[in-house]
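Working through the structure, step by step
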Amino acid sequence: MKMYGRMLGGLVASVILLAGLGLYQFSRADNLQQSNSPGWQIEAAGANFSIVDMVSATDGWAVNSDGVFYHYDGQTWQLKQILGDSYINDFQMVSANDGWAVGYRTDIGTNNGGAVWHYDGTSWQLVDLQSRMGQLFRLDAGAGWIVGSNAVLRYDSQKKQWLSDLTTSENLPTTYVNDIDGLSENDLWLVGSFYNDDPSMLGVNGIFHFTNGTWQTVITDTYLNTIGMVSADEGWATGGGGTIMHYQQGQWTRYDSCQSPVITSGVCFPNVNFSDLTILPSGDIWAVGGAWSAVGEATEPRQKSNEIEASAASAIFYYDKTAKEWKQASSNFTGWLNSVSFTADKDGWTVGSGTILRYDGLWKESSDLLQPKAPTALDLTDVNMISGTEGWAIANGWDSGTQILKYDSKSWKILPRTENQLIRLEMVSANSGWILGNKVNPITTTYHLDNVILNYDGKSWQIDKTNTTTETLNDFDMVSATDGWAVGGTWYWDDINQTSTPVSTILHYDGSKWLEVASPITQPIFAVSMTPDGTEGWAAGSDSQLLHYRAGKWQVALNAFATTGITYTIQAMDMVSKSDGWAIGYGYNEISSTNMLLHYNGTQWSEYHPKSFSLETTWLNRIMMVSATEGWAVGGSGVVLYYDGHEWQQIPKFTSSFLRAISIVKDSTNRVVSGRIVGPNGVIFKLNTLSQTYLPLVKRDPTSTPTDTPTPTSTTTPQPTSTNTSTAQPTNTPTSTPTATATKTPTAIPTKLTYNYKENFSGDYGTPPPSGKVIGWAHKWTSTEKDVGGDCYSEWSTSNAQYRVNKSGKSNYGCFRWAVGNAYQRLGGFEAVMKRVDLGSKFAYGIYLNGNGGNEYYLFSVSFRDDRSCGDWRFSRTKNDNETVLQNGDCSSISGSLKYDGENKLKVVHEKIDNSHRLTLYINGQRVKSTFTDNSPLTNGESTGIYFKSYDDSGARVYFDDFMVYPN
């Protein structure tokens, strides 16, 4: 219950309790995720709001359960913050600069990570973790109470912390709290369900009252969702089945007549479930909710004329003080409503399923005030971008049908709704596309889903009637407009015999019709992927069933898995070529199960084990290979993986949503032109292509040798690669805008990655450099270590064939070593491997670029401390001897991958796109923070090289390896 008078009423003690803002706060970056993410930005955010709380007519907040906070500034509702790995059960504003939220952290555990957030006028910050208290359900900030599944917390004004109140917890049975309302710190009411050691109390619903230091069970066996107290002598509570309870003269009685004898003031709303109510100082009371189901006729003979229509989906009610009766308010909205908040008698808001309504004497839908506005509140299950200006998506809602969405370069538009459940989408071109779906079809003794296939002909989506099979379809892959495959199957359950029968289905599209093809297995098939030319493909099902398509037919692939002892279920796959492909799923044995990432090398499928993250907690939903050297995967809890051709990396989380699908589109020059990720609650993330880099900058060719001239790219032999989305290609007529082809056109890429410059420090420098040759790298060519200037010197060791730079004598002095020849480059990629050897324990090393003398350069470095911890990193710009730190962080921002005594690889990517200078940083193949734009870029210098610094007089020694400069 959100009470209007929270900030104005209540005891003075309540104000004192929450006046302080000095709570201890965690500053970990993963506790707070802003809406702008590394390369990905929210294009549309879901509006399935669960709670709204208004501070004033021009200040308020609304949130959904996934921790997406919108703020109202008097004109629009703006997305302000997304809490990563968080689930919000309740929040409440004490003032414009003071608010609280409770729930749990999903990365700690669904029911074992109770959490408290505080709003300090700037942002929502995690301030407390009650990891052993279970999730926290409701709070009453005005009275200083929080109640959870196994916890009662009270606010300690002296310690300025929420502390467990063991005394009151002992009196309160284990409870699922639906709502809480307090008049003071010693007068608290709550409603919910509870249980304890007494079997007779298991699952009992009720009202509880805390007074005189103890909890009392006031009434039981009444399911209530919300409670609000007018005063110590009067209150209201509402719940399911139209239940309305009224508290007067120390007793709670049913006000509604649905389950009572007919009384003069009794009303009955049998199909309404009340979600929230608010009480205004004037005595006005509002309650909102929704109808359980659509019923065509009245179910109670005593219903009155002012009752709700049984078929209504939304419910807004108010208490008429004059008539002393509850009445329904009119609204054009038909969705479910979850929360209501008023600032004055004629200034109120209510939020719910995909909407936000405002009351100014009449209820009006105000969802157009949301920025950004989601085109749908339904879960988005798939997306397919054709180009940067055109794309499609599908959305599903179990109770509200499904939707097809089209992107027209400016916004997403919703097409007329269909009742089919849509699961997979694939566009072959701008004028040809397919959607795979199912429709529910109960049968007498079995229950399964009949399939439906929709086809887009450039004008509209129509059901493809050439498909005659009725079996469930799970996945499909279109090779071209005239060639495609669909797979499926399910288990038929026989209610009479209590048995299940598996069924496998394979369909082929030949350009005119879908035909059923015999399956060599009986188990359901969940995933299929074909090579770009369609001559080979793979399909996978449960129980390690793998099918291989070649020579025109599907065959069981025996011994296809390199690992034995584990049973696989593959859920999605993508083939790059006949000898390269990836799949995701899970594996299990008699002991345990785990998530899987599998790679095909042309001979066998084998497990891929990431180096920088664990698959145990990484549930993946969809995988998409853009080419042999680039791929993406998305999954639960906001997981996004990126493959750079060398290894899979988990990019920093920018959401906790359950991500379902991803689509990336490149043009003929291999430049990314579009990208989208979709998930629940209408959330769409857009790839900021100007800040993303997809050049193959992290590859190293161990067989190549240093050269002073760049390796020609025109003589390399191309190999075909595939992509799950249509790849934009130029037309035959000159144009600057690429258009999509009708087939999966292989993209030519070099078989050997090239670079403009490489120094692996493994050459023989035992003799002086040739006369006239400029040597930027300092090497030992005499028996004495060569002094290269100032307090820095370098040496050469033939024992380990590594180049070393040493510094001693003075602390806090930076040493720079420049590369030569083809390394002179302003834009592109710059990387090097480096490692500590011995001597001092406090040091820093890195790479620099865009140098112009000693007073202008970019510097990317990592530093380590005496405690041998994993270290910090920073990227700075020095111009005219003035340094500006552009980005920095500690090891937590890169999953702790910095190694004190091990090798670390640093890389900087510098791009110029549309007159903007974009920079991206990597440590050990993992991008740190977000790609960013430098508004005052260094554009004159072209020098680049390595950097070393010691922080104590004992000096330190490091070696460098494989310094490489890639073309822009």
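Residues numbered from 1 in each chain as written. Predicted model: local features only at pLDDT ≥ 70, side-chain atom pairs only at ≥ 80, totals over all residues. Heavy atoms only, no water.

1. Examining the overall build of the protein
For clarity, the cut-off: By the criteria applied, helices consist of DSSP H or I runs no shorter than four residues and strands consist of E runs no shorter than two, each listed in order from the N terminus. Residue burial is assigned from relative accessible area. The probe radius is 1.4 Å, only protein chains are included, and a residue is buried under 20% of its type maximum, exposed over 50%, and partly exposed in between. The contact definition used throughout considers only heavy atoms, calling two residues in contact when any of these lie within 4.5 Å.
In terms of regular secondary structure, the protein is built from two helices and 75 strands. Burial status across the protein gives 56% buried among its 968 residues. For the protein, the share of sequence-separated contacts (at least 6 apart) that also reach a separation of at least 24 residues comes to 53%.

2. Describing the sheet that holds strand β53 (residues 640-643)
As a reminder, the rule being used: Criterion used throughout: strands pair if DSSP finds at least two bridges between them. Whenever a helix is involved, its axis is fitted only over the stretch in contact; in every case the axis is a line through C-alpha atoms, and angles between N-to-C directions fall within 0 to 180 degrees.
Here we have four strands laid out as an open sheet, ordered β51-β52-β53-β54, and antiparallel in their pairing. Two strands lie at the open edges of the sheet, namely β51 (620-627) and β54 (648-650), each paired on one side alone. Averaged over all pairs of adjacent strands, the angle between strand axes in this sheet comes to 20°, irrespective of strand direction. Here six bridges tie β51 to strand β52 (residues 630-635), and the two strands are oriented antiparallel to one another. In the strand pairing of β52, Met624 is matched with Trp632.

3. Some thoughts on unusual backbone geometry
For the bond running from Gln371 to Pro372, omega is -5°, close enough to zero to count as cis. Residues other than glycine seldom take positive phi values, yet Lys324 does so here, at roughly 50°. With respect to the secondary-structure elements, Lys324 resides in the loop between β24 (314-320) and β25 (325-328). Within the chain, Ser637 stands out as a residue other than glycine whose phi angle is a positive 55°. Within the secondary structure layout, Ser637 lies in the loop between β52 and β53. Residue classification places Ser637 among the partly exposed residues on the basis of a relative accessible area of 31%.

4. Thoughts on the packing of aromatic side chains
Within a pair of aromatic rings, the relevant descriptors are the distance that separates the centres and the angle that separates the planes. Keep this limit in mind: By convention, a stacked pair of Phe, Tyr or Trp rings (six-membered ring in the case of Trp) has centres within 6.5 Å and planes under 30 degrees apart, an edge-to-face pair has planes over 60 apart, and any other such pair is tilted. Should the NZ of a Lys or the CZ of an Arg lie within 6 Å of a ring centre and within 35 degrees of the ring normal, that charge is described as sitting over the ring.
Counted according to the given criterion, the structure contains 64 aromatic pairs. A connected cluster of aromatic rings, assembled from ring pairs, spans Trp61, Phe69, Phe91, Tyr119 and Trp124. Lying over the aromatic face of Tyr407, Arg676 brings its terminal NZ or CZ to 4.7 Å of the ring centre. Sitting above the plane of the Tyr922 ring, Lys907 keeps its charged end 3.8 Å from the centroid.

5. Digging into the pairing of strand β41 (residues 499-509)
Within a regular strand, side chains alternate between the sheet's two faces. Of the strand pairs in this sheet, β41 and strand β42 (residues 514-517) are connected by four bridges, and their pairing is antiparallel. Bridged to Ile506 within β42 is Val517. Counted between consecutive antiparallel strands, the loop separating β41 from β42 contains four residues, among which Gly511 sits at a positive phi close to 105°.

6. Here we look at the sheet that holds strand β19 (residues 234-239)
Spatially, four strands are ordered β18-β19-β20-β21 in an open sheet, and the strand pairing comes out antiparallel. Each having just a single partner strand, β18 (224-231) and β21 (251-254) make up the two edges of the open sheet. Between one strand and the next, the sheet's axes are offset by a mean angle of 20°, whatever the strand orientation. Alignment of β19 against strand β20 (residues 244-248), held across five bridges, turns out to be antiparallel. Residue pairing for β20: Gly235 is matched across the bridge by Tyr247.

7. A look at the confidence of the model for the protein
Worth spelling out the cut-off: Per-residue confidence from the prediction method is given by pLDDT, with values spanning 0 to 100.
Per-residue confidence for the protein gives a mean pLDDT of 75, with 72% of residues at or over 70. Confidence scores differ between elements of the protein, with helix α1 (residues 12-17) showing the lowest mean pLDDT of 26 and strand β43 (residues 525-530) the highest of 96. Contacts for the low-pLDDT stretch residues 260-266, under 50 throughout, to residues beyond four places or in other chains number 11 contacts. Considering only residues more than four positions removed or in separate chains, one finds that residues 293-312, a stretch of pLDDT under 50, has 39 contacts.

8. Points about the pattern of salt bridges
Note the cut-off: A carboxyl oxygen of Asp or Glu within 4 Å of a side-chain nitrogen of Lys or Arg is what we treat as a salt bridge.
Following the criterion strictly, the structure yields 17 salt bridges and no others. Between Arg622 and Asp382 there is a salt bridge, with its nearest N and O atoms 2.9 Å apart. With Arg622 in strand β51 and Asp382 in strand β31 (residues 379-387), this pair connects stretches of sequence that are 240 residues apart. Given a relative accessible area of 1%, Asp382 falls into the buried group.

9. Some thoughts on the nonpolar core
Let me state the cut-off plainly: For this analysis, a nonpolar core means a set of buried residues of the types Ala, Val, Leu, Ile, Met, Phe, Trp, Tyr and Cys, connected via side-chain atoms within 4.5 Å.
Counting residues in hydrophobic clusters, the biggest one holds 35 residues, and the most contacted among them are Tyr845, Ile847 and Phe860. Elements supplying a minimum of two residues to this core: β65 (828-839), β66 (843-851), β67 (856-864), β68 (872-879), β70 (904-913), β71 (916-923), β74 (943-950) and β75 (956-966).

10. Regarding the environment of Asp962
Topologically, Asp962 is positioned in strand β75. C-alpha separation for the pair Asp962 and Lys905, spaced 57 residues apart in sequence, amounts to 9.3 Å.

11. Considering the pairing of β66
Of all the nine residues making up β66, nine are buried; the element is thus mostly covered by neighbouring parts of the structure. Pairing of β66 with β67 involves seven bridges; the strand directions are antiparallel. By the bridge assignment for β67, Tyr848 is matched with Leu859. The pairing of β66 with β74 spans seven bridges and is antiparallel. Bridged to Phe843 within β74 is Ser950.

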